[in-house]
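# Remarks on the overall topology
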Amino acid sequence: DAGVIQSPRHEVTEMGQEVTLRCKPISGHNSLFWYRQTMMRGLELLIYFNNNVPIDDSGMPEDRFSAKMPNASFSTLKIQPSEPRDSAVYFCASSLVFWAEAFFGQGTRLTVV
Amino acid sequence: AQTVTQSQPEMSVQEAETVTLSCTYDTSESDYYLFWYKQPPSRQMILVIRQEAYKQQNATENRFSVNFQKAAKSFSLKISDSQLGDAAMYFCAYRSGGSQGNLIFGKGTKLSVKP
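Right, let's walk through the structure included here. Because the structure is a prediction, the values reported are computed rather than measured.

### Things to note about unusual backbone geometry
Cis geometry marks the peptide bond from A:Ser7 to A:Pro8; its omega dihedral reads -10°. Structurally, A:Pro8 can be placed in the loop between strand S1 (5–7) and strand S2 (10–13). In this structure, B:Ala16 is a non-glycine residue whose phi angle is positive, near 80°. Mapped onto the elements, B:Ala16 comes out in the loop between strand S2 (10–14) and strand S3 (19–21). A relative accessible area of 47% means that B:Ala16 is categorised as partly exposed.

### Things to note about the nonpolar core
In terms of nonpolar packing, the biggest core is built from 44 residues, with A:Tyr35, B:Trp36, B:Tyr37, B:Leu77, B:Tyr90 and B:Phe105 touching the most fellow members. The residues touching B:Phe105, leaving out its near neighbours within four places in the chain, are A:Tyr35, A:Leu43, A:Phe104, B:Val4, B:Tyr37, B:Met45, B:Phe91, B:Cys92 and B:Ala93. In terms of nonpolar packing, the next biggest core, distinct from the first, is built from 21 residues, A:Val19, A:Leu46, A:Ala67 and A:Ala88 among them.

### Thoughts on the environment of B:Ser76
All names here are of chain B. Relative to the elements of secondary structure, serine 76 occurs in strand S9 (residues 74–79). For serine 76, a relative accessible area of 11% gives the class buried. Once the C-alpha coordinates of serine 76 and valine 66 are considered, the two residues, 10 residues apart in sequence, prove to be 5.5 Å apart.

### Regarding the state of the cysteines
Residue and element names in this part refer to chain A. Inspection of the entire model under this criterion finds 2 disulfides over all chains. At a sulfur-sulfur separation of 1.9 Å, the disulfide partner of cysteine 23 is cysteine 92. One quick way to see it: the torsion about the S-S bond of cysteine 23 and cysteine 92 is about -65°, and its sign makes the bridge left-handed. Here cysteine 23, found in strand S3 (residues 19–24), pairs with cysteine 92, found in strand S9 (residues 88–95); they are 69 residues apart in sequence, far enough to count as distant. A relative accessible area of 1% means that cysteine 23 is categorised as buried. Under the relative-accessibility criterion, cysteine 92 is labelled buried at 0%.

The rules behind each value
Residues numbered from 1 in each chain as written. Chains lettered and ligands numbered in written order. Predicted model: local features only at pLDDT ≥ 70, side-chain atom pairs only at ≥ 80, totals over all residues. Heavy atoms only, no water. Helix = DSSP H or I, 4+ residues; strand = E, 2+ residues; numbered from the N terminus. Buried < 20%, exposed > 50% of the residue type's maximum accessible area, 1.4 Å probe, protein only. Core = buried A, V, L, I, M, F, W, Y, C linked by side-chain atoms within 4.5 Å. Contact = heavy atoms within 4.5 Å. Disulfide = S-S within 2.5 Å.

Given below as structure tokens:
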């Protein structure tokens, strides 16, 4: 298996622009997580899906952030409009079942200028 | 809500020596899972070891072992015979055993290995 695939690996955008991050989880996995990593705040859980249904989105910082999982093999995290403070590494992770470990993608480094 | 605390922002160990990284967590649940992840400079998150809360026996994976103290809600990671490749950020993580199984992380410990 190719593992969790995230795209793009790097994104540089201007403040106010819309940004869409993409994730393909490992085939057969039914849990999907989006995390944001910064030096100051560490790894923050943004949203968690189980069987394509959002279970906990309490970590989504603002209405500017939204996440979707239209099917078991694809998820997006959208930021609109983007702000410089959104600059971070965004990780997607998936797990086979709810008690299993999560496998991470390579992350997307987002820079908003 | 569950929380995970790693009280050591940085640690250092001499090559071939042993080091222990600390982790404590807070939960009211009885069924849960604990993990240690490693993040080298490549930023890839790599699973090091996992522990089921219902198991009394401490998990081991080669040079890596844990000291799981359920009553104290403590989950430390011991690295034996440290190698230069062990240098990385180490994250402790908690996952609820229920179907709403969020996976939350501590802030991490940066481990340096001196030759």
